[in-house]
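# A structural walkthrough
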Amino acid sequence: MTESTSATPFYTIGFSESILQHLRRHTVHSHAAHVLPYLKPGLRVLDLGCGPGTLSIGLAEAIAPGELYGVDMEPSQVGLARSIAEASGRDNATFEVGDVTALSFDDESFDVVHGHSILAHVPDTQAVLAEAKRVLKPGGLISVREWIFDGSFLAPDFEVIYDAWATLAELITADDGHPNIGRDLKRYLLEAGFSDVRPAASFTSYTTAEDVGYISRVIEDWFLSAEVRAWATAYGVATQQHLDNLERALKRWIGHPGAFGAVAYGECIARKPPRLIGTPKTPKVTL
């Protein structure tokens with residue numbers, strides 16, 4: 001067996017407390033509603049890039065007494081997911097550290113593979129989809145929901161805030177990520193050999209004063225942090241003057257009574273084609 005390098009890059013967004021608070025707000029109803037109609041008790045589900053597990057717990061509840069397995073590259077996130085599962089009494093949810101491009105699970109061992117905002121961060125999209133297809137049973141379902149930064153917005157814009165999305169997109173691209181992959185999900189799934197591909201799009205909206213307050217903390221603690229400023233200037237995606245202009249506009253947005261924002265997503269459901277009668281199961285080959 002030869003040594004290989006993971007295709008999983010540095011996680012651009014990081015794991016600051018404000019980002020963790022953002023991820024903890026993700027639930028199966030707010031961020032995976034499109035897959036809920038396909039879930040039923042007794043299924044075996046894999047959640048790729050599970051993060052702190054708040055979305056995973058909802059998936060586990062929907063399939064109980066079926067089994068939910070969550071995989072994430074970051075040990076601290078897996079630890080949080082385990083804690084949340086224990087606190088919520090979800091004994092059908094198991095979490096482990098792993099690489100989504102080299103899963104530890106057997107071939108054809110899951111009924112559903114789910115991923116939210118995971119393909120955006122992995123350089124080799126087809127490597128992730130190939131692994132998802134490998135571990136899915138014939139006829140099994142894949143569900144993905146991914147960013148479309150070009151369709152996301154904060155309003156009022158003050159004729160400059162749109163640049164914040166572009167700057168963040170360029171940072172993710174500089175880390176070999178895909179900030180607009182949500183609009184290409186149908187193509188990627190077809191290229192990976194999935195069938196019955198059903199694409200759609202949706203927004204996650206931030207409308208209340210509470211929503212704006214928490215988004216403002218993410219903006220101030222992460223996007224406007226000295227660390228991210230340094231990355232942006234080092235990668236050449238923004239100047240300090242440009243970032244200063246964005247900061248002033250974002251602070252105006254935070255305090256504006258009409259503040260409203262939404263993140264655009266592409267979402268897609270597809271199936272692994274059923275095995276033809278008489279076709280033998282293909283064993284996994286480890287190099």
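## So, the overall build of the protein
Within the protein one finds 10 helices and eight strands. Within the protein, contacts between residues separated by at least 24 positions form 81% of all contacts whose residues are at least 6 apart in sequence. When the accessible surface of the protein is split by element, carbon and sulfur atoms take 55% of a total near 13,200 Å².

## Comments concerning the side chain of S143
Within the fold, S143 resides in strand 5 (residues 136–147). A polar contact of 3.0 Å, which involves the side chain of S143, links it to the side chain of H34.

## Thoughts on helix 3 (residues 54–63)
Most of helix 3 sits out of view: seven of its 10 residues are buried. Residues of helix 3 that are buried: L55, S56, I57, G58, L59, A60 and I63. Of the surrounding elements, those touching the buried residues of helix 3 are helix 2 (28–31), strand 1 (44–48), strand 2 (67–72), helix 4 (75–87), strand 3 (93–97) and strand 4 (110–116).

## Some points on helix 5 (residues 125–135)
By the criterion of burial, helix 5 is predominantly enclosed, with eight of the 11 residues buried. Listing the buried residues of helix 5 in full gives T125, A127, V128, L129, E131, A132, R134 and V135.

## Quick word on the packing of aromatic side chains
How two aromatic rings sit relative to each other is set out by the distance from centre to centre and by the angle between their planes. What the rule picks out here adds up to eight aromatic pairs. The rings of Y69, F105 and F110 are connected pair by pair, giving a single aromatic cluster. Over the ring of F110 we find R44, and its NZ or CZ is 4.7 Å from the ring centre. Cation over ring: R145 sits above Y265, and NZ or CZ is 3.9 Å from the ring centre.

## A look at the packing of helix 8 (residues 209–223) against helix 10 (residues 240–254)
Working note: a packed helix pair is described by the angle between its axes plus the distance between those axes. Across the interface, helix 8 lies against helix 10 with an axial gap of 10 Å and an inter-helix angle of 160 degrees. The angle between helix 8 and helix 10 places the two elements in the roughly antiparallel class. Between helix 8 and helix 10 lies a crossing whose hand is left-handed. Facing helix 8, whose interface residues are V212, I215, S216, I219, E220 and F223, helix 10 presents L246, L250, W253 and I254. Grouping the amino acids of the contact of helix 8 with helix 10 by side-chain chemistry returns eight nonpolar, one polar and one charged.

## Brief notes about the pairing of strand 2
In terms of burial, strand 2 is largely enclosed, as five of its six residues are buried. Relative to strand 2, strand 1 runs parallel, the two being bridged by five bridges. Its bridge partner lying in strand 2, L48 is registered against V71. Handedness of the crossover is the feature at issue here: the chain leaves strand 1, passes through helix 3, returns alongside strand 2, and the resulting connection is right-handed. Sheet analysis places strand 2 next to strand 3, joined by five bridges and oriented parallel.

## Here we look at the environment of L39
Along the chain, L39 falls in the loop between helix 2 and strand 1. Taking relative accessible area as the criterion, L39 reaches 12% and is therefore assigned buried. Sequence separation of L39 and V112 is 73 residues, and the distance between their C-alpha atoms is 8.4 Å. In contact with L39, other than residues within four places in its own chain, are V45, L59, A62, I63 and V112.

What counts and how
- Residues numbered from 1 in each chain as written.
- Predicted model: local features only at pLDDT ≥ 70, side-chain atom pairs only at ≥ 80, totals over all residues.
- Heavy atoms only, no water.
- Helix = DSSP H or I, 4+ residues; strand = E, 2+ residues; numbered from the N terminus.
- Contact = heavy atoms within 4.5 Å.
- Areas by Shrake-Rupley, 256 points an atom, 1.4 Å probe, with all protein chains shown as cover.
- Polar contact = N/O pair within 3.5 Å; in protein donor to acceptor, adjacent residues only side chain to side chain.
- Buried < 20%, exposed > 50% of the residue type's maximum accessible area, 1.4 Å probe, protein only.
- Phe/Tyr/Trp six-rings, centres within 6.5 Å; stacked < 30°, edge-to-face > 60°.
- Lys NZ or Arg CZ within 6 Å of the ring centre and 35° of its normal.
- Axes fitted to C-alpha atoms, helices over the stretch in contact; angles between N-to-C directions.
- Parallel < 35°, antiparallel > 145°, perpendicular 65-115°, else oblique.
- Left-handed = near helix turned anticlockwise from the far one by under 90°.
- Nonpolar A, V, L, I, M, F, W, Y, C, P; charged D, E, K, R; others polar.
- Pairing = 2+ DSSP bridges.
- Right-handed = clockwise from strand over helix to strand, strands pointing away.

Scope: geometric values only; no functional claims are made or implied.
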